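Next come the chains, spelled out residue by residue.
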Amino acid sequence: MSTDENSSGVVKKFMYVNRKAPYGTIYALEVLEMVLISAAFDQDVHLAFVDDGVYQIKKGQDTKGVEMKNFSPTYRALDGYDIEKLYVEKESLDERGIAASDLMVPVEIIDRAAMTALIDSMDVVLSG
Amino acid sequence: MLHTVNKSPFERNALDACLTRAAKGSAILLYEDAVYAATKGTNVASRVSQATQAFKVFVLGPDLRARGFDEAQVLDGITVIGYDEFVDLTVEHGTVNAWL
């Protein structure tokens, strides 16, 4: 049920393009924060993982040794916020020797041409 | 000399800059996002494997595990070390060249 106070009734297609590896820089965590915020506004949210961004959802992350917060379980919680449109670029996986079975969440693996078309179909694109 | 690299080889050219300029027999430590260069099956794996012939190559274990990789996924010829050995390497080599 939507209310007038939090919605103009316009639902836009949002895409967050993840291009950075986790932990080495703050980009991955910051984009994840934006994703969670956008979930509160009932928008049509899409996540893309390309280039080093595919490393964000690599299985088995254990940050105890580096004393940083392991934020990777948050990706598994996204479906609880109705964020289920996750896309991974096949070429990015191949370049890094990462298999679909190495990923911690259900995703749709698409090739670069399909990714190009998907990004082009969005209303709002935020990259990090 | 100890050379350190902490950038992903897919995003920056720091590793390449290091490999093309480090003197033969140097030690090279891959840490933070450079640990991806030490993993098997990547586009840069053959280049890195070749480098283990000319250099002593190390990778920092805690950074590797944070990113979801373990020793079994590290290229042959690369030694996985911890923070204590990182300290030992810096002491042993005196000069550190950080390729940022």
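Residues numbered from 1 in each chain as written. Chains lettered and ligands numbered in written order. Predicted model: local features only at pLDDT ≥ 70, side-chain atom pairs only at ≥ 80, totals over all residues. Heavy atoms only, no water.

Caption draft 1: How the structure looks around the interface of chain A and chain B. Opposite the 22 residues of chain A that make contact, chain B presents 18 residues. Buried surface at the junction of chain A and chain B, both sides included, amounts to about 1500 Å², of which 51% is carbon and sulfur. For the chain A face of the interface with chain B, the top three residues by lost area are Tyr55(A), Val66(A) and Glu95(A), together amounting to 29%. For the pair chain A and chain B, the interface holds one salt bridge. A salt bridge links Lys20(A) to Glu11(B); its shortest N-O distance comes to 3.2 Å. (Contact = heavy atoms within 4.5 Å. Buried area = accessible area lost by both parts, 1.4 Å probe. Salt bridge = Lys/Arg side-chain N within 4 Å of Asp/Glu carboxyl O.)

Caption draft 2: Broad picture of the packing of aromatic side chains. Counted according to the given criterion, the structure contains nine aromatic pairs over all chains. Measuring from centroid to centroid gives 6.4 Å for Tyr55(A) and Phe10(B), while their planes differ by 45 degrees, and the two rings are tilted. Of this pair, Tyr55(A) sits in the loop between strand S2 (44-49) and helix H2 (73-77) while Phe10(B) sits in the loop between strand S1 (2-5) and helix H1 (14-21), each in a different chain. On the basis of relative accessibility, which here comes to 0%, the residue Tyr55(A) falls in the buried class. (Phe/Tyr/Trp six-rings, centres within 6.5 Å; stacked < 30°, edge-to-face > 60°. Helix = DSSP H or I, 4+ residues; strand = E, 2+ residues; numbered from the N terminus. Buried < 20%, exposed > 50% of the residue type's maximum accessible area, 1.4 Å probe, protein only.)

Caption draft 3: Representation of H1(B) within the structure. Taken as a whole, H1(B) has its buried residues at Ala14(B), Leu15(B), Ala17(B), Cys18(B) and Leu19(B). On its buried face, H1(B) sits against S1, strand S2 (27-30), helix H2 (45-54) and strand S5 (96-99) of chain B.

Caption draft 4: Structural context of the packing of H1(B) against H2(B). Residue and element names in this part refer to chain B. Remark: H1 packs on H2, axes separated minimally by 11 Å, with the N-to-C direction vectors making an angle of 30 degrees. Here H1 lies roughly parallel to H2, going by the angle between them. Taken as a pair, H1 and H2 cross one another with a handedness that is left-handed. Listed contacts from H2 to Leu-15, Asp-16, Leu-19 and Thr-20 of H1 are Arg-47, Val-48 and Ala-51. For the contact of H1 with H2, the residue count by class is four nonpolar, one polar and two charged. (Axes fitted to C-alpha atoms, helices over the stretch in contact; angles between N-to-C directions. Parallel < 35°, antiparallel > 145°, perpendicular 65-115°, else oblique. Left-handed = near helix turned anticlockwise from the far one by under 90°. Nonpolar A, V, L, I, M, F, W, Y, C, P; charged D, E, K, R; others polar.)

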